Amino acid sequence: MSSTRLLGIAVVALMLLLPLGAGRLYSDYYVALGIRVLVFTLFLTGFDLLAGYAGLISFGHAMFFGTGAYTAALVLKYATTSVWVVLAVSIVVNVAVGTTVGYFAIRAREIYFVFLTFAFAQFFYNFVNTWEFVGAANGLPGIPKATLGAGVGLGDRATLYYFTLAVAVAGYALARRLVHSSYGRVLVGIRENEERARFLGYDATRCLRRAFVISGVYAGVAGSLLAIDQSFVAPTLYYWSISGEVLLMELLGGMGTLAGPVAGAAFVIVLGDTLSSLMAERWLLVMGLIYAACVLFSPAGFAGLVQRLRRSRGPAPAPRTP
């Protein structure tokens, strides 16, 4: 078994143990922080499929995140508390949003694609910010807690944590399988040389549009899980700062590696929470310096740094023969 897989198993095992010490060894707050880490882990897994493997940088992925959150809130408030129905409706709605937005946005490339996705996200933000049915600028409070079925509810934070962990691990495993499939290799080929991919007979626009929709579904499910946890949604979930934060996590972790952006999400959320409690006014300055140092000294992020360290050690020595 490879060291990377062993490390992944160890991380999951440690995360399984997190709720067991809550209330005795440390505060329940760390379980809530763990849920947030897992939500953005799922978000970044999908975002890396689009940005890292397909080569399309979106600055508007908050539209899927917010849509998933508001969809979950409305279903829980006015339809049913079944988490399975909530996630199913969220997936369907975000597929529709991704297909519609992708039809127009995928026609552009590079900076034009960035601006188009940003414009669509701002449209969603302004629409929800003025829609009185969902609370407009005040948001939508009082969302009922979701249920798993058979009398099991997600009102208990530890139960929600384990459910979110299961969804995040399943999402990561699915993405891993996807990038190692023939479709994943086609995406990398389009990223490296779209003209050659078209010459070989691949419909690059359709492949990229499909990646955009899949990535949006990941973000939408992440938004739904956040709404279930917080029992409150607000238009700020659509704001450009969410898209920017996700992009910084992606760059910090290392694009096109899956594991790198996941590590970047955990690092930014945990370190940001720690710094904000220690230095309420200057923590953003410290985070900015970390981002700048990453760009200057390790443009490939954490993943690139790990690869450099492995190369510096050189190949393992050959075993001696008697």
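Residues numbered from 1 in each chain as written. Predicted model: local features only at pLDDT ≥ 70, side-chain atom pairs only at ≥ 80, totals over all residues. Heavy atoms only, no water.

J.: When you look at the packing of aromatic side chains in this model, what are you seeing that I'm missing?
T.: Each aromatic ring pair is characterised by the separation of its centres together with the angle its planes make. In the structure shown here, the tally under the stated rule is 19 aromatic pairs. Measuring from centroid to centroid gives 5.9 Å for F123 and F124, while their planes differ by 85°, and the two rings are edge-to-face. The exposed category is assigned to F123, whose relative accessible area is 52%. Judged by relative accessible area, which is 17%, F124 ranks as buried. Three or more aromatic residues joined by ring pairs form one cluster here, namely Y70, Y78, F123, F124, F127, W131, F133 and Y238. Residue placement shows R107 over the ring face of Y103; its charged tip is 4.5 Å from the ring centre. (Phe/Tyr/Trp six-rings, centres within 6.5 Å; stacked < 30°, edge-to-face > 60°. Buried < 20%, exposed > 50% of the residue type's maximum accessible area, 1.4 Å probe, protein only. Lys NZ or Arg CZ within 6 Å of the ring centre and 35° of its normal.)

J.: How should I be thinking about the layout of surface pockets in this particular structure?
T.: Take a probe with the size of a water molecule and roll it over the atoms, and the empty space left behind shows itself. By volume, the second largest pocket is sized at about 490 Å³. Lining of the second largest pocket is provided by 19 residues; of these, R36, E245, V268, I269 and W283 occupy positions nearest its centre. Elements with a contribution of two residues or more to the lining of the second largest pocket: α2 (29-53), α9 (204-230), α10 (240-253), α11 (259-278) and α12 (283-297). The element that contributes the greatest number of residues to the lining of the second largest pocket is α12, accounting for five residues. In terms of residue class, the lining of the second largest pocket is made up of eleven nonpolar, three polar and five charged. (1 Å grid on protein atoms, 1.4 Å probe; cavity = no way out; pocket = protein on both sides within 12 Å on 5 of 7 lines; lining within 4 Å. Points joined across faces, edges and corners; volume = space filled by probe spheres on them. Helix = DSSP H or I, 4+ residues; strand = E, 2+ residues; numbered from the N terminus. Nonpolar A, V, L, I, M, F, W, Y, C, P; charged D, E, K, R; others polar.)

J.: I tried to follow a nonpolar patch on the surface on my own but got confused; where do I start?
T.: On the surface, L14, L16, L17, L20 and Y162 cluster together into a nonpolar patch covering about 470 Å² of accessible area. Looking at the secondary structure, you find Y162 in helix α6 (residues 157-179). (Patch = residues over 30% accessible without salt bridge, like charges linked within 9 Å, V, L, I, M, F, W, Y side chains within 5 Å. Areas by Shrake-Rupley, 256 points an atom, 1.4 Å probe, with all protein chains shown as cover. Salt bridge = Lys/Arg side-chain N within 4 Å of Asp/Glu carboxyl O.)

J.: Just to check I follow, could you spell out the nonpolar core for this structure?
T.: What tends to happen in soluble globular proteins is that the nonpolar side chains get buried as a cluster. If you look at the biggest cluster of nonpolar residues, it comprises 89 residues, and the most contacted ones within it are F40, F65 and V233. In terms of residue count, α2 provides more of this core than any other element does, 15 residues in total. Setting aside chain neighbours within four positions, we find F65 in contact with V39, F40, F43, A219, A222, G223, L226, L237 and I242. (Core = buried A, V, L, I, M, F, W, Y, C linked by side-chain atoms within 4.5 Å. Contact = heavy atoms within 4.5 Å.)

J.: Just checking my understanding: could you explain the confidence of the model for the protein chain for this structure?
T.: Detailed reading of predicted coordinates is not advised where the pLDDT is low. Looking at the protein chain, the pLDDT average stands at 88 and 96% of residues meet or exceed 70. The model gives residues 316-322 a pLDDT under 50, and that stretch makes zero contacts with residues more than four places away or in other chains. (pLDDT = per-residue confidence, 0-100.)

J.: It is not clear to me how the pattern of salt bridges should be interpreted in this structure. Could you clarify?
T.: Pairing of side chains with opposite charge becomes possible as their charged atoms draw close. All told, the structure shown has five salt bridges when counted by the stated rule. In this structure, E192 engages R191 in a salt bridge whose closest nitrogen and oxygen atoms are separated by 2.8 Å. Looking at E192, the relative accessible area reads 56%, which means it is exposed. With relative accessibility at 34%, the residue R191 sits in the partly exposed group. The structure contains a network of salt bridges with shared partners spanning R109, E194 and R198.

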